[in-house]
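Chain by chain, the residues run as shown.
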Amino acid sequence: MVGDDDAGGGWIGRLRRFLGAREDDDITPRPPAPAAREASSDTALLDAAVAGMPDPVVVLDRAGHVLAFNAGAAALAPALRRGEPASIGLRMPELVEAIRDAIQIGTPQRVELSTRLPAKRFSEAFVTPVTRASAPGGGVVVVTIHDLTPIHRVEEMRADFVAN
């Protein structure tokens with residue numbers, strides 16, 4: 001029995017037979033091509049740069065798919081996933097519309113956001129298309145979100161003080 005599994009590739013061979021894999025399907029890992037190595041180093045550099053940002057940051061390709069995001073963005077939008085459309089992870093219609101406008105028009109967009117749950121919060125998002133002639137697809141879109149809640153709280157306290 002063990003010899004039969006080894007001859008067929010072990011559990012991988014059994015899985016391939018079960019799924020009906022073709023003979024030309026090769027699942028052995030290959031060394032990455034030079035372009036793939038360069039892309040992975042670009043991704044690592046982008047991840048490192050975005051991770052150092054104090055505000056939530058999301059970097060998208062021109063199709064609106066997530067390329068990178070930092071911990072602040074993950075806390076703000078836990079559904080963000082690399083490679084998926086940003087509209088799935090960012091459940092803020094105003095922000096998704098600003099991203100679409102920035103991609104289509106090619107100009108930076110600013111939008112104010114507010115959420116009521118779990119607590120009342122105010123923020124502003126800057127959506128900036130960054131073009132790069134050498135990049136396939138023309139570049140990226142950078143979304144930064146700045147928390148305005150402390151400023152709004154101070155304004156409310158000032159208004160209450162003046163009113164009383």
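It should be noted that the structure appears before, not after, this text.
The structure reproduced in this document is the subject of the present report. These numbers were taken from a predicted model, which means no experiment stands behind them.

Calculation rules
Starting from 1, residues in each chain are numbered consecutively following that chain's sequence as written. Where totals are concerned, whole chains, interfaces and linings use all residues; where local detail is concerned, this predicted model gives features only for residues with pLDDT of at least 70, and gives and counts side-chain atom pairs only at 80 or more. To obtain the side-chain values, all non-hydrogen atoms of the structure were included, while hydrogens and water were left out. Helix numbers and strand numbers start at the N terminus; a helix is a DSSP run of H or I with at least 4 residues, a strand a run of E with at least 2. Whether a residue is buried, partly exposed or exposed follows from its accessible area with a 1.4 Å probe, protein chains only, as a fraction of its type maximum: under 20%, in between, or over 50%, in that order. Contact criterion: two residues are considered in contact whenever any of their non-hydrogen atoms come within 4.5 Å of each other. In these tables, accessible area is a Shrake-Rupley quantity obtained with a 1.4 Å probe, and a residue counts as shielded only by the protein chains included in the view. Among buried residues, the Ala, Val, Leu, Ile, Met, Phe, Trp, Tyr and Cys ones that are joined through side-chain atoms within 4.5 Å form a nonpolar core. The pairing criterion for strands is at least two bridges between them, as found by DSSP. Throughout, an axis means a line fitted to C-alpha atoms (over the contacting stretch in the case of helices), and angles, computed between N-to-C directions, take values from 0 to 180 degrees.

1. Digging into the overall build of the chain
- Across its full length, the chain holds 7 helices and 5 strands.
- Listing each helix as α and each strand as β along the chain from the N terminus yields α-α-α-β-β-α-α-α-β-β-β-α.
- For the chain, with 164 residues in total, the buried portion stands at 26%.
- A fraction of 32% describes how many contacts in the chain between residues 6 or more apart in sequence connect residues 24 or more apart.
- Counting every atom, the chain has about 11,300 Å² of accessible surface; 61% of that belongs to carbon and sulfur.

2. Quick word on the nonpolar core
- Counting 21 residues, the largest nonpolar core has Leu-60, Leu-90, Leu-95, Val-127 and Val-143 as its most contacted members.
- For this core, the secondary structure elements donating two or more residues are β1 (57-61), α6 (93-105), β3 (109-115), β4 (121-131) and β5 (139-147).
- Considering every element that reaches this core, the biggest residue donor is α6, with 5 residues.
- The residues contacting Val-127, other than those within four sequence positions of it, are Leu-95, Ala-98, Ile-99, Ala-102, Thr-107, Pro-108, Gln-109, Val-141, Val-142 and Val-143.

3. A few points about the pairing of strand β2 (residues 66-69)
- Bridge count for β1 against β2 is 3 bridges, and the pairing is antiparallel. Residue Val-59 lies in a different strand from β2, and its bridge partner there is Ala-68.
- Here β1 hands over to β2 after 4 residues, with Gly-64 in that stretch at a positive phi of 90°.

4. So, the sheet that holds β1
- Spatial strand order, β2-β1-β5-β4-β3: 5 strands in an open sheet with antiparallel pairing. Two strands lie at the open edges of the sheet, namely β2 and β3, each paired on one side alone. Each adjacent strand pair in this sheet contributes to an overall mean axis angle of 20°, direction not counted.
- Contacting β1, β3, β4 and β5, α6 runs over the sheet at an angle of about 170° to β3.
- Each of β4 and β5 is contacted by helix α7 (residues 149-163), which is oriented at about 140° to β4, the strand it contacts most.

None of the figures reported here should be taken as evidence of function without further support.
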